[in-house]
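One letter stands for each residue in the lines below.
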Amino acid sequence: MRERIWAPLPLLLPWLLLPPPLWCGPDSRHPEREPEPGPLQPFDLLYASGVAAYYSGDYELAVRDLEAALRSHRRLREIRARCARHCAARRPLAPPGAGPGAELPFFRALLERARCYRSCQSQRLGGPASRHRASEDVRSDFQRRVPYNYLQRAYIKLNQMEKAVAAAHTFFMANPEHMEMQQNIENYRTMAGVEDLQLVDREAKPHLESYSAGVKHYEADDFELAIKYFEQALREYFNEDMECRALCEGPQRFEEYEYLGYKAGLYEAIADHYMQVLVCQHECVRELATRPGRLSPIENFLPLHYDYLQFAYYRVGEYIKALECAKAYLLLHPDDEDVLDNVDYYESLLGDSADPASIEAREDLAMFVKRHKLESELIKSAAEGLGFSYTEPNYWIRYGGRQDENRVPSGVNVEVAEVHGLSMGKKSLPKIDRDLREGGPLLYENITFVYNSEQLNGTQRVLLDNVLSEEQCRELHSVASGIMLVGDGYRGKTSPHTPNEKFEGATVLKALKFGYEGRVPLKSARLFYDISEKARKIVESYFMLNSTLYFSYTHMVCRTALSGQQDRRNDLSHPIHADNCLLDPEANECWKEPPAYTFRDYSALLYMNDDFEGGEFIFTEMDAKTVTASIKPKCGRMISFSSGGENPHGVKAVTKGQRCAVALWFTLDPLYRELERIQADEVIAILDQEQQGKHELNINPKDEL
């Protein structure tokens, strides 16, 4: 047992001994902040003090302590990252030699590095690092930017509108499904002097800002400036990658090794510790490719730097650099025919000035990919010895394939491209109205068509029955009681839309997690996943979409009428709104701008029951008053529609019982795929692999008990 656990450590040595990457270095745009006098105050204590002050009505103290908590948290990250880099450089590791005791110098170097790390932290923090170990709940709050939620409310109380808007927007960027915050920002922007304020994300990552600036200049055909910002974004990306990796290191709680069945020895503990560090660092590529609150697929971020750059360099006449960037892009997408054609064309432009074979992919990405592949191989090799399973995510997946309408790099006049034979895609342009079609096949038997857009007095609307069977409705309703949380998606707020109803919800990933843990039947959790995918396929087919429809958000929701609060109700269960724009009934407009979910294209609601009173789904005119259609929910009924201002909608008051449905929002833009859905896809893939393995081994499930 001990030998099996120790065995992976030699496998980890190549990774431990890797030299620092080329891009490791300080970021001149973001130098280390001047430390405040005295020891750094623990951010969790400042956070607790700020929250307590907020609830006691002392908003000035709340702002002071919450802002101090955010500064402390930021400073702590900086110190940890800098100490990790400093000690890695001062205490390099050497591979152990052969013979008895030959590994001891290696472990001495490890211990010296750990001592250096602890000493560095203590010196910079002004005290022991243990003072700054916060609970999991507090760390989660900071990851989800909850302090900004308190700040925006406190700033409003102090009538500091600009700071309130910035705090609200910063929170919203990490919680885009938080309807209350969306409403808050909308209200702030309508107040005097606020409409023209630029929304600021106080936690925006520098590389995303530079990347966006590069895209802006690229779209304006200013290729010199585009190159400047894309190159800057890459430097910042790799620096942030190094910071993320550095933050993965540090002390571990050795009591966690009890799961091995005995108190882990030094070798086992070190091997397991560095395995955790390795997995953490390997996952940095996901963290840096994820925008707060939504997935920004890596295919649409890191590789696209080089895709933009290869063409920008071509436009300014730097063909060697264009070729280097094109070859770098192909390291991650080797089958991209457009870029393969571009490589051939760039090589033809070199003439006798350079040997095309001598020009290789950019060294920064080549080293990055090499390290990433080595990490993947080490994790897979070591996982078996450490006794856990590991499934490598497809980090470089190209969701939906490359389509011309989503092909970003270009900018050249198409006629010029045809003359020179350069394979081009279409330049990214603001979205225009799609060709609106409907009436495609419903794909599944027994589904009943009820009404189309004309019969529902609108545009891009359809009503279907029997999408679910009675048995499936009962099973979903049953599993709902086991997975739903009050106020899910609304920071636990019991009644986010009306004080007269209780709101509960659950995501598909949570359902699968509960099913995997045995807290609800896995079959029922899988049903939630399967019926949402069924709905997606129906919507994509019926509206005859030419490109893939992706999940943007999936939510099982129940609204329950609160007893004693239903007399003389004149409110709605869910106010009239549109799903991808800010409805302005007075102006008869719907503004497609943040904080609206502008990326949503289609919506659907799949109902699970009808044993309640009220709760009709309604469409209205843009005035949010004139009802154009009313739908009574029932088991298996599905209403679907386009998400824009052409379809304002809401829900009438639920006056008795509980109304449950699966709410679905879809997007045509893979950039905004639902993160939890992608994770759920990975869970399903693992479950299917396990099931396939059982069938291959011909194991009777009863025998497993």
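Residues numbered from 1 in each chain as written. Predicted model: local features only at pLDDT ≥ 70, side-chain atom pairs only at ≥ 80, totals over all residues. Heavy atoms only, no water.

**Things to note about the overall build of the chain**
Part 1 of the argument: Summing up its helical and strand segments, the chain has 22 helices and 17 strands in all.
Part 2 of the argument: Within the chain, the proportion of its 705 residues that are buried is 52%.
Part 3 of the argument: Sequence separation of at least 24 residues holds for 75% of the intrachain contacts in the chain that already meet a minimum separation of 6.
Part 4 of the argument: Summed over its atoms, the accessible surface of the chain is roughly 33700 Å², and 50% of this surface lies on carbon and sulfur atoms. (Helix = DSSP H or I, 4+ residues; strand = E, 2+ residues; numbered from the N terminus. Buried < 20%, exposed > 50% of the residue type's maximum accessible area, 1.4 Å probe, protein only. Contact = heavy atoms within 4.5 Å. Areas by Shrake-Rupley, 256 points an atom, 1.4 Å probe, with all protein chains shown as cover.)

**Considerations on the pairing of strand 6 (residues 501-506)**
Part 1 of the argument: Among the six residues in strand 6, five count as buried, and that is most of the element.
Part 2 of the argument: Pairing of strand 5 (residues 485-486) with strand 6, which is carried by two bridges, proceeds in the antiparallel orientation. By the bridge assignment for strand 6, L485 is matched with G505.
Part 3 of the argument: Both strand 6 and strand 7 (residues 550-561) contribute to a ladder of six bridges, which runs antiparallel. Bridging across to strand 7, F503 finds its partner in R559. (Pairing = 2+ DSSP bridges.)

**Focus: the state of the cysteines**
Part 1 of the argument: Scanning the entire structure with this criterion turns up five disulfides.
Part 2 of the argument: One disulfide bridge connects C87 with C116, the sulfur atoms lying 2.1 Å from each other. Given an S-S torsion of about -80°, the disulfide between C87 and C116 has left-handed geometry. Of the two residues, C87 sits in helix 4 (residues 59-90) while C116 sits in helix 5 (residues 104-125), which places them 29 residues apart along the sequence. Grouping residues by exposure puts C87 and C116 together as buried.
Part 3 of the argument: For C581, the disulfide goes to C590, at an S-S distance of 2.0 Å. The sign of the 95° torsion about the S-S bond sets the C581-C590 disulfide as right-handed. (Disulfide = S-S within 2.5 Å.)

**Points about the packing of aromatic side chains**
Part 1 of the argument: Taken as a whole, this structure holds 32 aromatic pairs when the rule is applied.
Part 2 of the argument: Summarising the aromatic geometry, the rings of Y54 and Y150 are spaced 5.5 Å apart at their centres and angled 70° between planes, so their arrangement reads as edge-to-face. Of this pair, Y54 sits in helix 3 (residues 43-55) while Y150 is found in helix 7 (residues 146-157), placing the two residues 96 residues apart along the sequence.
Part 3 of the argument: Taking the relative accessible area as the measure of exposure, Y54 reaches 14% and is therefore buried. (Phe/Tyr/Trp six-rings, centres within 6.5 Å; stacked < 30°, edge-to-face > 60°.)

**Comments concerning the nonpolar core**
Part 1 of the argument: Grouped together as the largest cluster of nonpolar side chains are 48 residues, with contacts concentrated most on I483, M556 and M638.
Part 2 of the argument: Tallying contributions element by element places helix 21 (residues 522-542) first for this core, with nine residues.
Part 3 of the argument: Not counting the four nearest positions on each side in its chain, M556 is found in contact with L476, V479, A480, I483, M484, E504, G505, A506, F528, M608, A661 and V662.
Part 4 of the argument: F230, Y308, C325 and L365 belong to the second-largest nonpolar core, a separate cluster that totals 38 residues. (Core = buried A, V, L, I, M, F, W, Y, C linked by side-chain atoms within 4.5 Å.)

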